[in-house]
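If you want the building blocks of each chain, they are given just below.
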Amino acid sequence: MDEEEAGPPKRELYALLQVSPEATDEDIRKAYRHWAQVYHPDKYQDFHMQQIATENFQRICQAYEILSDEYKRQIYDIYGMEGINSGLELGPKLNKVEELKAELERLRKRKEEEKMLAHFRPSGTILAHLSLPQFLHGDGIMRGMAMSSDVQSQLSKRTAIGIGGNLEVNENSGGGAASTVLRHQLSPVSSIEFIASAGLRALIGVQTTRNLSLHSTATIAIAKSLRDGSINLSNTWTRKLSETANGNIQLLLGPESSIAVGWQKKDEKMSASGELQIGTSSFSASAHYTHRFSSKSHGRIAGRFGSTNLEVEVGGGRKLSNFSTVRMLYTIGIQGILWKFELHRGGQKLIIPILLSRHLNPVFATGAFVIPTSLYFLLKKFVVKPYNLRREKHKTLENKEKTSAQVREARAMAEKAQQLLQIVANRKRSRHLETNELVITKAVYGSSKALKKADESREENKESASDIIDVTIPLNFLINDSGQLKLHEGVKKSGIMGFCDPCPW
């Protein structure tokens, strides 16, 4: 058995009594009486077995003491054992449910305030345009450069502010702009934004968004340009088409009026989108498809077609860490043939488009695609993949060393519990064999990789034995008189008596 879902936190005490987190007081009392009989020390004559039973009996009593008390159970459900062992002690100050809830609410608000103070999200982009033809003509390799930065901060629970700016230089010309957005949540279903910017696109505007239903959202915005006095009015309607897909329609009225229809879909394996826009003096269509080959790598194809643009983009990317992603794209269009390198880290982006040729030569275009693609796969196979494997193995060994004492202690406790359960489990097993009901002949719990290795050879089985634990006895014990095995949802299997997590890394 391999636990795929970690389950919600603060559920270990429920697992000890084998009840669900939604169990009633009567369910908890029945479970306690049952397990107290199983682990009562007086049942055992052998001194060693009495010690094992005493340890498990104390754990059962502690779980019952907390879960049978209305106040302590509330504290445990919210803060776990840390809340039980902290200053939230019951006494004269907290002797009513209302007072306890008020105290918990006060602590919850304090945590929200601390989180709000830390809710400071900066982001930025650096874009460097390089040109190989320009470099070969002796004019320098840099075509232009652009930088943008944005900082968002939560002023209160319902109000946020964003401040941003950008600078752009293209050959001998350049410019910049600064903008501020103030967003306020009017209600759970509506919000309003005030927008102001200065520079190349000086304007002021206001935008409001409202959830019309569970699946539909409407946004209305009006903006006035401070340079020519023109006014733009836009309406956007978004609707959820399915669990993974959305559609939207946007109507823009102003000097350049247009209507646009879009669609987006995203799930675990892929993401795709498309948009068609028709304006008074232009039109465009675009689409993209991204496929995730694994949790760390993806491929992408995109296309844009319109009155001023025609290009196809192919490429892929790889996740370097939890915060970093690198992407390489190949673009061919009316502007020429380009390579594009992107590095994303946190909220920061570095984008380097390299113009290889302004002419669409088929031979050059094929070579520009095949050569870097081949180099990428060679580097991935002989450099990146071996490096990642070594790094993952090193991290696993480090985590094993850090948690080895904890795992040994948990395994020893689980084995002691299994000794107490063995007699009853064997009796149930014999009875179920006679009545042709459910009998578990072999069950193991732990790392899926260790389980696969254990099936390959006996030698590897010995090597990976530390990453799995035999749980045949506790599972046979948990089979009820009707021959059914039921494990409550929301309870971690590693917390069940006789179980442990042999590989928490």
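Residues numbered from 1 in each chain as written. Predicted model: local features only at pLDDT ≥ 70, side-chain atom pairs only at ≥ 80, totals over all residues. Heavy atoms only, no water.

The chain has the name chaperone protein dnaj 13 in an unreviewed UniProt entry, where Salix purpurea is given as its organism.

(A) How the structure looks around the packing of aromatic side chains. Applying the stated rule across the entire model yields 7 aromatic pairs. Centre to centre, the rings of Tyr32 and Tyr64 are 4.0 Å apart; their planes meet at 10°, and the pair counts as stacked. Here Tyr32 is found in helix H2 (residues 25-39), whereas its partner Tyr64 is found in helix H3 (residues 47-67), with 32 residues between them in sequence. Residue class for Tyr64 comes out partly exposed when judged on its relative accessible area of 21%. An angle of 55° between the planes, with centres 5.3 Å apart, marks the rings of Tyr330 and Phe369 as tilted. Taken together, the positions of Tyr330 in strand E15 (residues 324-333) and Phe369 in helix H7 (residues 362-434) put the pair 39 residues apart, joining distant regions of the chain. (Phe/Tyr/Trp six-rings, centres within 6.5 Å; stacked < 30°, edge-to-face > 60°. Helix = DSSP H or I, 4+ residues; strand = E, 2+ residues; numbered from the N terminus. Buried < 20%, exposed > 50% of the residue type's maximum accessible area, 1.4 Å probe, protein only.)

(B) Inspection of H7 at higher detail. The end-to-end C-alpha distance of H7 is 77 Å, clearly below the 108 Å that 73 residues give at a rise of 1.5 Å each. Where H7 bends most, the angle comes to about 55°, and this point is Thr403. The backbone nitrogen of Val363 has a side-chain oxygen 2.9 Å away, supplied by the residue at the start of H7, namely Asn361. (Expected span 1.5 Å × (residues − 1). Bend = angle between axes of the 7 residues up to and from the residue. Polar contact = N/O pair within 3.5 Å; in protein donor to acceptor, adjacent residues only side chain to side chain.)

(C) Examining the packing of H2 against H7 more closely. At a closest axis distance of 10 Å, the pairing of H2 and H7 adopts a crossing angle of 95°. Taken together, the axes of H2 and H7 are roughly perpendicular relative to one another. Seen from H2, the contacting residues are Trp35, Val38 and Tyr39; seen from H7, they are Ala417, Leu420 and Leu421. Grouping the constituent residues of the contact of H2 with H7 by class yields 6 nonpolar, no polar and no charged. (Axes fitted to C-alpha atoms, helices over the stretch in contact; angles between N-to-C directions. Parallel < 35°, antiparallel > 145°, perpendicular 65-115°, else oblique. Contact = heavy atoms within 4.5 Å. Nonpolar A, V, L, I, M, F, W, Y, C, P; charged D, E, K, R; others polar.)

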